[in-house]
Amino acid sequence: DGNRAIHGFGLASYFYFERPLAELSIDQAALLVAMVKGPSYYNPRRHPERAMARRNLVLDVMADLELITAEESARARARKLGVSDYQRKAINTFPAFLELVRRQLQRDYRDEDITSEGLSIFTTLDPQLQWQLERVLGSRLDGLERERGIKAGTLQGAAVVTSVQGGEVLALAGGRDPAFAGFNRALDAHRQVGSLLKPAVYLTALEQPQHYTLATLLDDSPLTFTARNGVVWKPGNYDRKNHGNVPLYRALAHSYNVSTARLGLDLGIEPIIKTLRRLGVEQQLNPYPSLVLGAVEMSPLQVTHMYQTFAGGGFRTPLRAINAVLAADKTPLQRYQLSVQSAIEPAPNYLINTAMRFAVREGTGRSIYQSLPDSQDVAGKTGTTDDLRDSWFAGFTGDRLGVVWIGRDDNKSTGLTGSTGALRVWRDLFTQFNNPGWVQPAVEGVEYHWIDPNSGSLADAGCQDAVQLPFITGSGPVKQAPCVKQKKALPDPVDWFKELFQ
């Protein structure tokens, strides 16, 4: 069946007759027995004459052995083969998604059980969303190649879409050709993630409210760091500029490398690695300063796992492509229950998601709102690697999370940033389906204050450029910004009364 071998009579019954084994007629059962000697040679769809002769031989033997009567054999011989018209099966229609299913099955079952026991597998696939993803990815890659004069077929991409609450993989694209069953980039393309890793750095800071808040000013002036081995590191911003002191939320929203690097060095690399572990990152992480700017390779599925924790309110939910497995007699063998583990406290997670909402509203992801309605609140982060080799975007809204990667298999430059490449695929996809408007739910232990972003101090709604930010209760600034109108204090009533009658 395309790229799938048909193992066992149970699956063969569905493949050739589209019905369970118990419902086959004598002639149909005889045809399956006839094919055992050479399933390709006696293939009834390709070689009906051979299959008919072999089937009739089996019927004769059955009559000779008195398994059936001579009359039953004669009636069965007179019938046509009766095989159904071949139709492309889902396992060939969505090979990239089914590869994820196969790997999860191999984790829980022996190969011989999967191929011979007649199991029924119920997956999390949303076919309509899968078709939309495949269409959008292919169309956008074609368009990017035309816009930039890139040879057709040069760019590749991968994407994963999940449900936030259930951790279910709803759609998965392993490349621009949805029918290709080879290298699956969503699962196996390990590429540098760039700025997609920055939220973990900022989360590590925000979990220390006595030292860091969204309004804390970070130093984005030029940085030179010399490691113990003498290697000199001089990170630079994508726009080749430095921005002085910037509030923490804006440094993440605009993806400033220098202020992020300085923050990461102040925090220490090991605490950041511990944060990444809590977010579900399992692969080897080298404790080098460049880690804070995304010098780590991950697959799109692994990135999805990390952002699933952000989107899920700080709860880590293992991604799954299988809902249940039933035996041949339809009794349940295993149900894949929702597994949730608290990884981030609600208040810091609320703050980091707010910063990622700013990234989409006013930062590197702002082009999203050219297409999505105002009611569709989005949190997300772009990612761009050195020499524009990799273009990433991870974003969530409502009950949907999507991660998109665009690059080249030869690892050469695409000429695309996260916002000019992967973000456009995400935006095209998320305008295709009905996703209810989303507002980040409030959590306990968070209070809001108006802030002057230039000083990080308290402001009021009348201050120019003032922004309202959430703070972990008690961590808000005390000092007032110069723009706050100083209200003249009223005199003490007793003193005023005495002065009046003197």
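Everything that follows concerns the structure shown earlier in this document.
In this report, the structure presented in the accompanying data block is examined. Please read all numbers here as calculations on a predicted model, not as lab measurements. (Residues numbered from 1 in each chain as written. Predicted model: local features only at pLDDT ≥ 70, side-chain atom pairs only at ≥ 80, totals over all residues. Heavy atoms only, no water.)

What follows concerns unusual backbone geometry. Phi is positive for Glu18, close to 55°, though the residue is something other than glycine. The phi dihedral of Arg240 is positive, around 60°, even though this residue is not glycine. With respect to the helices and strands, the residue Arg240 is situated in the loop between strand E7 (232–233) and strand E8 (245–247). Arg240 gets classed as exposed once you look at its relative accessible area, which sits at 78%. (Helix = DSSP H or I, 4+ residues; strand = E, 2+ residues; numbered from the N terminus. Buried < 20%, exposed > 50% of the residue type's maximum accessible area, 1.4 Å probe, protein only.)

Right, let's talk about the sheet that holds strand E16 (residues 400–407) for a bit. With respect to topology, five strands assemble into an open sheet ordered E3-E2-E16-E15-E14, the strand pairing being antiparallel. Only two strands of the sheet have a single partner each, and these edge strands are strand E3 (169–173) and strand E14 (379–384). Neighbour to neighbour, the strand axes of the sheet diverge by 5° on average, direction disregarded. Where strand E15 (residues 391–397) and E16 come together, seven bridges link them in antiparallel fashion. Paired with Phe393 across the strands is Val404, a residue of E16. (Pairing = 2+ DSSP bridges. Axes fitted to C-alpha atoms, helices over the stretch in contact; angles between N-to-C directions.)

With that out of the way, let us pick up the pattern of salt bridges. A complete count under the given rule lists 21 salt bridges for this structure. With a shortest N-O distance of 2.7 Å, Glu145 and Arg176 are connected by a salt bridge. One end of the pair, Glu145, is in helix H8 (residues 127–148); the other, Arg176, is in the loop between E3 and helix H9 (185–188), and 31 residues separate them in sequence. A residue is classified by how much of its surface remains accessible, and Glu145, at 4% relative accessible area, is buried. (Salt bridge = Lys/Arg side-chain N within 4 Å of Asp/Glu carboxyl O.)

The next thing to look at is the pairing of E3. Extensive coverage of E3 is indicated by the burial of five of its five residues. Two strands pair when backbone bridges link them, and strand E2 (residues 156–163) and E3 are joined in this way by four bridges, in the antiparallel orientation. Counterpart to Val160 in the pairing with E3 is Leu172. Between E2 and E3, which follow one another and run antiparallel, lie five residues, and Gly167 among them has a positive phi close to 65°.

It is worth spelling out the state of the cysteines at this point. Scanning the model with the defined rule gives one disulfide in all. The disulfide that involves Cys463 links it to Cys483, with 2.1 Å between the sulfurs. Linking Cys463 and Cys483, the disulfide has an S-S dihedral of approximately 95° and is accordingly described as right-handed. Here the residue Cys463 occupies a position in the loop between strand E18 (457–458) and strand E19 (467–472), and Cys483 occupies one in the loop between E19 and helix H17 (493–500), the gap between them amounting to 20 residues. For Cys483, a relative accessible area of 32% gives the class partly exposed. (Disulfide = S-S within 2.5 Å.)

With respect to the helices and strands, Thr124 occurs in the loop between strand E1 (120–123) and H8. Reaching out from Thr124, the side chain makes a polar contact with the backbone oxygen of Val169 at a distance of 2.5 Å. The contacts of Thr124, once residues within four sequence positions are left out, are Phe97, Glu168, Val169, Leu170, Arg320, Ala321, Ile322 and Asn323. (Polar contact = N/O pair within 3.5 Å; in protein donor to acceptor, adjacent residues only side chain to side chain. Contact = heavy atoms within 4.5 Å.)

The next thing to look at is the environment of Thr414. Among the structural elements, Thr414 can be located in the loop between E16 and helix H16 (422–430). Exposure remark for Thr414: the relative accessible area of 4% places this residue in the buried category. The spacing of Thr414 and Arg389 is 25 residues in sequence and 5.4 Å in space, taken between C-alpha atoms. From its side chain, Thr414 meets the backbone nitrogen of Leu416 in a polar contact 3.1 Å long.

Here we come to the pairing of E16. Among the eight residues that make up E16, eight are buried, leaving the element largely enclosed by the rest of the structure. Neither face of E16 is open: one carries Arg400, Gly402, Val404 and Ile406, the other Leu401, Val403, Trp405 and Gly407, and all of them are buried. With eight bridges connecting them, E2 and E16 associate as antiparallel partners. Among the inter-strand pairings, Val160 is bridged to a residue of E16, identified as Val403. Counting the residues in the hairpin turn of E15 and E16 gives two residues, including Gly398, whose phi is positive at 60°.

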